[in-house]
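What follows is each chain in one-letter form.
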Amino acid sequence: MVDQIFAATRYGLEYERLRLEAASHNIAVANTPNDTAQPARLMRVSTTFLPHVGTSASLMAGHFPRPVMVDAEAAERKVHDPSDPAADQNGMVSYPKVDLVQEMSSLLDASRAYEANVRAFNTLRGMALHALDLGGGA
Amino acid sequence: MSVTPIQPISIGAIDGAREATPLSSLQGNGFMNALGDGLNGINADLSQADALARQLAAGDKIPVHDVMIAFEQAHLKLQMAVEVRNRVVDAYQSLTNMQL
């Protein structure tokens, strides 16, 4: 019983950590000019699986598949700057288009959700320890 | 005058103290098996936590929360085993100290 809740908490922690990682990556590449041969990719955490979707036996047994980070094509943001060595013949430099507001909010959101998962875990742990105190006070 | 002879009194065999039926060996094995399985589970959890801690220390890419969760799981199971041991020892002592 406890193991399954541990697995659920672990899934939540893993998911939030990956979300934070993806947002950090996107923020990190936001202001780096694109290499024409290898344009920057934006990271997203795969949400094809969510623990509350479906109640198959393996989920109930606590076997959650691990969340994965997937990369996606980034839209281009062109800036006119002929002095930049990365500029093309028209003097345009291409950057990956990153929505900084969205990335910052997902950063904050992931951090808070991680905290919430830790709180849930600690609550469960406290309950389990209290259960062991049953009848032991004498 | 006639004296009526005393009739012999017949007493059925006095019941001996009934022996307690001994616990069948099967029951004992069941308890010992349960205890052994529990201890094996704790051992597996402890060694898993140990392996994760070693991997983290060696610089492998392991999230810290995985290690902490493994620690906590091992801790809870160990605590459970300690409580079981306390109860068993308590029961044993109350039996050995019983005044007959």
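That block above? That's the structure.
So, here is what we can say about the structure in this document.

## Some points on the overall build of chain A
No. 1: Per the secondary structure count, chain A includes 3 helices and 4 strands.
No. 2: Each helix (α) and strand (β) of chain A, taken in turn from the N terminus, gives the series α-β-α-β-β-β-α.
No. 3: Restricting the contact set of chain A to residue pairs at least 6 apart, pairs at least 24 apart contribute 65%.
No. 4: Counting only carbon and sulfur atoms, one obtains 59% of the accessible surface of chain A, whose full area is about 8,800 Å².

## Focus on helix α3 (residues 100-132) of chain A
No. 1: With 33 residues, α3 of chain A should reach 48 Å at 1.5 Å per residue; the first-to-last C-alpha distance of 48 Å fits that figure.
No. 2: Looking only at α3 of chain A, the buried set comprises Glu-103, Ser-106, Ala-110, Ala-113, Asn-117, Phe-121, Leu-124, Ala-128 and Leu-132 of chain A.

## Observations regarding a nonpolar patch on the surface
All names here are of chain B.
No. 1: The grouping of Phe-31, Met-32, Leu-35, Met-80, Val-84 and Val-88 at the surface amounts to a nonpolar patch, some 520 Å² of accessible area in total.
No. 2: Listing elements by their share of the nonpolar patch, those giving two or more residues are α1 (25-57) and α2 (64-96).
No. 3: Take Met-32: it is sitting in helix α1.

## Considerations on the interface of chain A and chain B
No. 1: Listed as interface residues are 17 residues of chain A and, on the opposing side, 13 residues of chain B.
No. 2: Summed over both sides, the interface of chain A with chain B buries roughly 1,400 Å², with 64% coming from carbon and sulfur.
No. 3: Considering only the surface of chain A that becomes buried against chain B, Phe-6, Arg-125 and Leu-132 of chain A emerge as the three largest contributors, covering 38% of it.
No. 4: Across the contact surface, chain A and chain B share 2 salt bridges.
No. 5: Taking the shortest distance from any N to any O, the salt bridge between Glu-72 of chain B and Arg-125 of chain A comes out at 2.5 Å.
No. 6: Of all the elements in the fold, those that place two or more residues in the side of chain A that touches chain B are α1 (2-29) and α3 of chain A.
No. 7: The element that contributes the greatest number of residues to the side of chain A that touches chain B is α1 of chain A, accounting for 7 residues.
No. 8: A per-class count over the side of chain A that touches chain B returns 9 nonpolar, 2 polar and 6 charged.

## Thoughts on the pattern of salt bridges
Residues and elements named next belong to chain A.
No. 1: Counted according to the given criterion, the structure contains 13 salt bridges over all chains.
No. 2: A salt bridge links Glu-73 to Arg-41; the shortest N-O distance between them is 3.2 Å. Of the two residues, Glu-73 is situated in strand β2 (residues 69-73) and Arg-41 in strand β1 (residues 41-45); the sequence distance between them amounts to 32 residues.
No. 3: For Glu-73, a relative accessible area of 64% corresponds to the exposed category.
No. 4: Among the charged side chains, a salt-bridge network with shared partners connects Glu-16, Arg-19 and Asp-109.

Reading the values: the criteria
In every chain, residue numbers begin from 1 and rise along the written sequence. Lettering for chains starts from A, numbering for ligands starts from 1, and both go in the order in which the items are written. Local features are withheld for residues below a pLDDT of 70 in this predicted model, meaning they are given only at 70 or higher, and side-chain atom pairs are given and counted only at 80 or more; totals for whole chains, interfaces and linings count all residues. Excluding hydrogens and water, the side-chain figures rest on all heavy atoms present in the structure. Put simply, DSSP marks the helices as runs of H or I at least four residues long and the strands as runs of E at least two long, and each gets a number from the N terminus on. What makes two residues a contact is simply this: any of their non-hydrogen atoms within 4.5 Å. Residue-level accessible areas treat just the shown protein chains as cover; the underlying method is Shrake-Rupley with a 1.4 Å probe. Multiplying one less than the number of residues by 1.5 Å gives the expected span of a helix. Relative accessible area decides the class of each residue, using a 1.4 Å probe on protein chains only: under 20% of the type maximum gives buried, over 50% gives exposed, and in between gives partly exposed. For patches, a residue must show more than 30% relative accessible area and have no salt bridge; joins then use 9 Å for like charges and 5 Å for nonpolar side chains, namely Val, Leu, Ile, Met, Phe, Trp and Tyr. Note on definitions: salt bridges are taken to be side-chain nitrogens of Lys or Arg within 4 Å of carboxyl oxygens of Asp or Glu. Once two parts are joined, some of their accessible surface, as seen by a 1.4 Å probe, is lost; buried area is that loss totalled over both. Each residue is assigned to one class: nonpolar for Ala, Val, Leu, Ile, Met, Phe, Trp, Tyr, Cys and Pro, charged for Asp, Glu, Lys and Arg, and polar for all the others, Gly among them.

These figures capture arrangement, not role.
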